[in-house]
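# Structural description and commentary
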Amino acid sequence: MSSTNNTADVINGTSQASGKVPRQTVDEQFLRDIFEIMVKDALRDGRDPHSKVIDWKHPHELEKILDLQIPESSTSKPVLLDICRQVVQYSVKTGHPHFFNQLWAGVDSYGLAGAWLTDALNSSQYTYEVAPVFTLMEKTVLSKMLSLIGFPDGDAIFCPGGSVSNMYGINLARFNSFPEVKTKGMQGLPNLCVLTSDKGHYSMKKGAAMLGLGIDNIIPVETDEIGRMKPEKLESTILDVTAQGRVPIMVNATAGTTVLGAYDPLNAIADICQKHGIWMHVDAAWGGGVLLSKKYRHLIAGLERVDSVTWNPHKMMGAPLQAAAFLTRHKTLLAECHSAHAKYLFQQDKFYDVTYDTGDKSIQCGRKIDVLKVWMMWKAKGDEQYEKDINNIFHCAEYLTNRLRDTEGFRLVLDKPQCTNVGFWYIPPSMRGQTEDKAWWDKLSKVAPTIKQRMTEQGTMLIGYQPEGNRVNFFRMIVSNLDVTTAEMDFVVYEIDRLGNDL
């Protein structure tokens, strides 16, 4: 046998003399089998409105069904395939037309193709050297997002989720006010604080804890009846904390709050931040997608005036998880704040233009490539189709709001929600026409959890619920699946009445 043949045999993972099937052939067949499971079970069946959103099992039941232990010896391919089928069977089908549980939903074939290709190539985003195509692609997509916001000369980076993006905002705001914090730490600095809507995301507290500011230094600002920050309360809160000797380094406004979907009045808040010289960050993780719609982008008017923005394409834009971006108007601040100049990775004497090495401005080293799935969707759809998609989910939310307003037994939390969050109570026939005293409201607070249990156990639908302020448990219906129609909205009304009319 020639040495050339021996080399080829080694590459293939076998020897012709052994008569074994090449390892590469076995692995490729396994991938084909997995692909068939994904397409048929997870995608095709998982999006069938007549199928279950989830085949619910309690933890102790699922632990008995699934063989999740790691063995000493290898597991056969057929066994692995059977387990993969079980993984699909007992997982939540977030692409199902009746999944309304989170601020993300649906399956886009182009985005999914981008996610698959990303993992097949298995690279990292930190240098042009190892990610030449993706470095250019990230620059293109982020430049598009910066342009839509109104930061034509800004800078941006993809992050592992909106919470981390918000943490970037806090870190840059602190560095902007006290650049010495990068080298000397918090010692000797005044008592810093961050002001945020009392309906804002909890990631502000997590970021403050991680960055050493402390949760107690996240100062809530009062909101109005539909969940928007009150500018006059922001002004008075700034004066109060300043009188206490505290230094506000950032105001965090929200464009699409998690529960009510409220958009803070950005122009009025920007006026106050400009007056007091305070960094303004906007958490548009959920609601930033309205920038793609001429009809609804007025909700985010004034965004071009702020210092930084969090925007998650995996939410309203429907990209596969995860795809979150942090964007700032300040061109060099990300690098100034985060760079460590590691010579073994970011050498300045490389043979190509090292300005394309973006990793040093990130808080991470290895950074998963998130851009391909976003680029693939946007390239396939174009701005025009995306605008239609965004307008569609708003239309469906407005249709549902009107249905609920006109249907006996349903009561809206907000008569006209700003975003596609539709909050409502279901009042069973046994509770209608009664005095709505404390006992009545206490009883109503148990209705949503009971209906949620029934829909989950039967697998027909998933919708979240929660209390909020003085409001007892209500359903928080999120319309984020770009493919939904008004038929799905009708199903929500029908199914909740079916599940709860005997309570």
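One can find the structure itself at the top, above this paragraph.
The present account deals with the structure reproduced in this document.

Parameters at a glance
Residues numbered from 1 in each chain as written. Predicted model: local features only at pLDDT ≥ 70, side-chain atom pairs only at ≥ 80, totals over all residues. Heavy atoms only, no water. Helix = DSSP H or I, 4+ residues; strand = E, 2+ residues; numbered from the N terminus. Axes fitted to C-alpha atoms, helices over the stretch in contact; angles between N-to-C directions. Left-handed = near helix turned anticlockwise from the far one by under 90°. Contact = heavy atoms within 4.5 Å. Pairing = 2+ DSSP bridges.

Turning next to unusual backbone geometry. A cis geometry characterises the amide bond from Leu-321 onward to Gln-322, with omega recorded as -10°. With respect to the helices, strands and loops of the structure, Gln-322 is situated in the loop between strand E7 (308-311) and strand E8 (324-328). Even without glycine at this site, Asn-122 takes up a positive phi of about 50°. Residue position: Asn-122 is located in the loop between helix H5 (109-121) and helix H6 (132-149).

Below, the discussion takes up the packing of helix H13 (residues 371-406) against helix H16 (residues 486-500). For the pair H13 and H16, interaxial distance at closest approach is 9 Å and the crossing angle is 35°. H13 and H16 meet at a crossing whose hand is right-handed. Seen from H13, the contacting residues are His-395, Cys-396, Tyr-399, Leu-400, Arg-403 and Leu-404; seen from H16, they are Thr-486, Met-489, Asp-490 and Val-493.

This part is about the sheet that holds E7. Spatially, the seven strands line up as an open sheet ordered E2-E8-E7-E6-E5-E3-E4, and their pairing is mixed. In this open sheet, the two strands that pair with only one neighbour each are strand E2 (155-159) and strand E4 (218-221). On average, adjacent strands in this sheet sit at an angle of 20° to one another, irrespective of strand direction. Pairing of strand E6 (residues 279-283) with E7 involves three bridges; the strand directions are parallel. What sits directly across from Val-282, in E7, is Val-309.

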